[in-house]
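Spelled out from the first residue to the last, the chains are:
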Amino acid sequence: MRHGESMWNEKNLFTGCVDVPLTSKGVDEAIEAGKRIRNLPLDIIYTSALIRAQMTTMLALTQHHCMKDPVIMHHETEQARIWSQIYSEDTTKQTIPVIEAWQLNERMYGELQGFNKQETAEKYGKEQVHNWRRSYHVRPPNGESLEMCLGRAVTFFKEHIEPLLWSGKHVMVVAHANSLRSIIMYLDKLTSRQVINLELSTGVPMLYIHREGNFFRRGSPIGSSEAGAYAYTESLALYRQQLD
Ligand SMILES: O=C(O)[C@@H](CO)OP(=O)(O)O
């Protein structure tokens, strides 16, 4: 899921790795997104290191039926890990671990960060700005191309998230337009031409089923009463039965 609307989405500014929060519309979008996935199983969450993704994660989780507490895992230093440790096993069972990873951050937009997108297009030309924003190989001035962003985001996905999927865990990833475009490029096997047209809306969850190393895109869950999402795998059908 992409985060809800941020303050710089609202102002149409290039944001990249600048760490701005959600607008009140973004807060509503995150809560709405949470309602759409509230009955899907969830074992672990990965989010970027940026506040707009983390706010979205926490707000969405307020709606989840499991009523577990999302807890950010602090592993940045050994001391942080020890100081944030939970010692009760019962309480641990009532939590969902939230792993923060900078590798899922938005693509770093270089010297465009903080500039208005419309004004930048007027200054440098629409085509140049479109290339900076959507082409796979072209880098914005001193920033990351989508290819470079894919280098870190997809590597992280393969190393940390895929093994969990193989072991049957249900994982939510909350990140950003371009880090998610690169991950979707990998999941959907899109070419560098096809990814140009891939646009992601803020606060709209997208469901994927992982089966024997393949990913199947199953669209966006519509709401908590939806029957469709549970027909995709036996374990989801069973989960729904237990829920009922
Ligand atoms: O500004 C950004 O960081 C991104 C996402 O909002 O913009 P763009 O759509 O240009 O990739």
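Residues numbered from 1 in each chain as written. Predicted model: local features only at pLDDT ≥ 70, side-chain atom pairs only at ≥ 80, totals over all residues. Heavy atoms only, no water.

- Looking at an unreviewed UniProt entry, the protein carries the name phosphoglycerate mutase (2,3-diphosphoglycerate-dependent), with the source organism given as Erythranthe guttata.
- Quoted verbatim from the Sequence similarities (unreviewed entry) heading of the UniProt record, the comment on the protein is "Belongs to the phosphoglycerate mutase family. BPG-dependent PGAM subfamily." (UniProt positions renumbered as here; feature names shortened; annotations may be inferred.)

Overview of the side chain of H176
Working step 1: On the secondary structure map, H176 appears in the loop between β4 (171-174) and α9 (177-187).
Working step 2: You can call H176 buried: its relative accessible area is 0%.
Working step 3: Once you skip the residues sitting within four places of it in the chain, H176 turns out to touch R2, H3, S48, L50, R52, A53, L104, N105, E106 and R181. (Helix = DSSP H or I, 4+ residues; strand = E, 2+ residues; numbered from the N terminus. Buried < 20%, exposed > 50% of the residue type's maximum accessible area, 1.4 Å probe, protein only. Contact = heavy atoms within 4.5 Å.)

Description of the environment of T202
Working step 1: Looking at where T202 falls in the secondary structure, it is placed in the loop between α9 and β5 (208-211).
Working step 2: A sequence separation of 26 residues divides T202 from H176, and the C-alpha atoms of the two residues are 8.6 Å apart.
Working step 3: Within the structure, T202 has its side chain in polar contact with the side chain of E29 (distance 3.0 Å). (Polar contact = N/O pair within 3.5 Å; in protein donor to acceptor, adjacent residues only side chain to side chain.)

Regarding the pattern of salt bridges
Two side chains that carry opposite charge are able to pair once their charged atoms sit near each other.
Working step 1: Overall, the coordinates contain 6 salt bridges when judged by the stated rule.
Working step 2: Residues K35 and E32 are paired through a salt bridge, measuring 3.6 Å at the closest nitrogen-oxygen approach. Taken together, the residues K35 and E32, both in helix α2 (residues 24-36) and 3 residues apart, mark about one turn of the helix.
Working step 3: The partly exposed category is assigned to E32, whose relative accessible area is 43%.
Working step 4: A salt bridge links E78 to R81, with the shortest nitrogen-to-oxygen separation between them at 2.8 Å. Residue E78 and its partner R81 are both found in helix α4 (residues 78-83); the two are separated by 3 residues, about one turn of the helix. (Salt bridge = Lys/Arg side-chain N within 4 Å of Asp/Glu carboxyl O.)

Looking at the UniProt feature "site: Transition state stabilizer" (unreviewed entry) in the protein
Working step 1: In the numbering used here, UniProt assigns the "site: Transition state stabilizer" (unreviewed entry) feature to H176.
Working step 2: Of note is the side chain of H176, whose polar atom sits 2.7 Å from the side chain of S48.

A few points about the packing of aromatic side chains
Working step 1: Within the structure shown, the criterion is met by 6 aromatic pairs.
Working step 2: Ring plane angle 70° and centroid distance 5.2 Å describe the contact between Y124 and W132, whose orientation is recorded as edge-to-face.
Working step 3: A cation sits over an aromatic face here: R107 above Y109, 4.5 Å from the ring centre.
Working step 4: The ring centre of F14 lies 5.4 Å from the NZ or CZ of K117, which sits over that ring. (Phe/Tyr/Trp six-rings, centres within 6.5 Å; stacked < 30°, edge-to-face > 60°. Lys NZ or Arg CZ within 6 Å of the ring centre and 35° of its normal.)

A few points about the layout of surface pockets
Working step 1: Approximately 980 Å³ is the volume attributed to the largest pocket.
Working step 2: Lining the largest pocket are 38 residues; nearest its centre among them are V171, M206, L207, Y208 and I209.
Working step 3: For the lining of the largest pocket, the secondary structure elements donating two or more residues are α8 (146-166), β4, α9, β5 and α10 (234-243).
Working step 4: A class-by-class count of the residues in the lining of the largest pocket yields 26 nonpolar, 7 polar and 5 charged.
Working step 5: Space inside the second largest pocket adds up to approximately 250 Å³. (1 Å grid on protein atoms, 1.4 Å probe; cavity = no way out; pocket = protein on both sides within 12 Å on 5 of 7 lines; lining within 4 Å. Points joined across faces, edges and corners; volume = space filled by probe spheres on them. Nonpolar A, V, L, I, M, F, W, Y, C, P; charged D, E, K, R; others polar.)

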